[in-house]
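Descriptive analysis of the structure
As a plain string of letters, each chain reads:
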Amino acid sequence: CTWRFHTSGTSQGDWYLPAMGELGYMIVRFNEIQNALNKVISLYGSSLVCLLAVYGGYWSSSEYSDYRARYVDTDLGNVTSYVKSSDRYVRAFLRA
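First, a word on what this report is: a plain description of the structure on this page. (Residues numbered from 1 in each chain as written. Predicted model: local features only at pLDDT ≥ 70, side-chain atom pairs only at ≥ 80, totals over all residues. Heavy atoms only, no water.)

1. A short note on the pairing of strand E2 (residues 57-63)
With five of seven residues buried, E2 is to be regarded as a mostly interior element. Relative to strand E3 (residues 68-73), E2 is paired through four bridges, and the arrangement is antiparallel. The residue of E3 that forms the bridge with tryptophan 59 is tyrosine 71. Here E2 folds back onto E3, and the loop between the two strands holds four residues. (Buried < 20%, exposed > 50% of the residue type's maximum accessible area, 1.4 Å probe, protein only. Helix = DSSP H or I, 4+ residues; strand = E, 2+ residues; numbered from the N terminus. Pairing = 2+ DSSP bridges.)

Okay, structure coming up:
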């Protein structure tokens, strides 16, 4: 459903759910990204930024099976799978 999402200044299809490899790239740079987001918050306020989930992780668009999808853990940096009906965070990416 991410393709239907849009924000002010974006159109449908501009956002997508990243694959597990793309999320892994984000996790490797987790602290750098978190520090940059904190700087934006200090300059512009918290209403413009959503911090990364420190505990838990994010769904990826990578399927494991018909009923399970890949999930990237931000605590440990590992990849697992969960039943698709599980309640987990989503981090949509904006197409460049």
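So much for the structure itself; the text now carries on.
2. Some remarks on helix H2 (residues 30-44)
Think of an α-helix as turning once every 3.6 residues; residues three or four places apart then point the same way. Counted at 1.5 Å a residue, the expected span for H2 with its 15 residues is 21 Å, and the 21 Å between its end C-alpha atoms agrees. Looking at H2, one finds that the buried residues are Phe30, Gln34 and Leu37. Along the axis of H2, the buried positions cluster into a sector of 65°, meaning they face one direction only. Seen from the open side of H2, the exposed residues pointing more than 90 degrees away from its buried face are Asn31, Glu32, Lys39, Ser42 and Leu43. Buried residues along H2 sit in contact with helix H1 (20-28). Just past H2, the residue glycine 45 takes up positive phi, approximately 100°. (Expected span 1.5 Å × (residues − 1). Arc of directions from axis to C-beta. Contact = heavy atoms within 4.5 Å.)

3. What to know about the nonpolar core
The biggest cluster of nonpolar side chains holds eleven residues, and these are Tyr16, Leu23, Met26, Ile27, Phe30, Leu37, Leu52, Ala53, Tyr58, Val72 and Phe93. Going through the elements one at a time, H1 and H2 are the ones with two or more residues in this core. Considering every element that reaches this core, the biggest residue donor is H1, with three residues. Beyond its immediate chain neighbours, meaning those up to four positions away, methionine 26 contacts Ile33, Leu52, Tyr58, Arg91 and Phe93. (Core = buried A, V, L, I, M, F, W, Y, C linked by side-chain atoms within 4.5 Å.)

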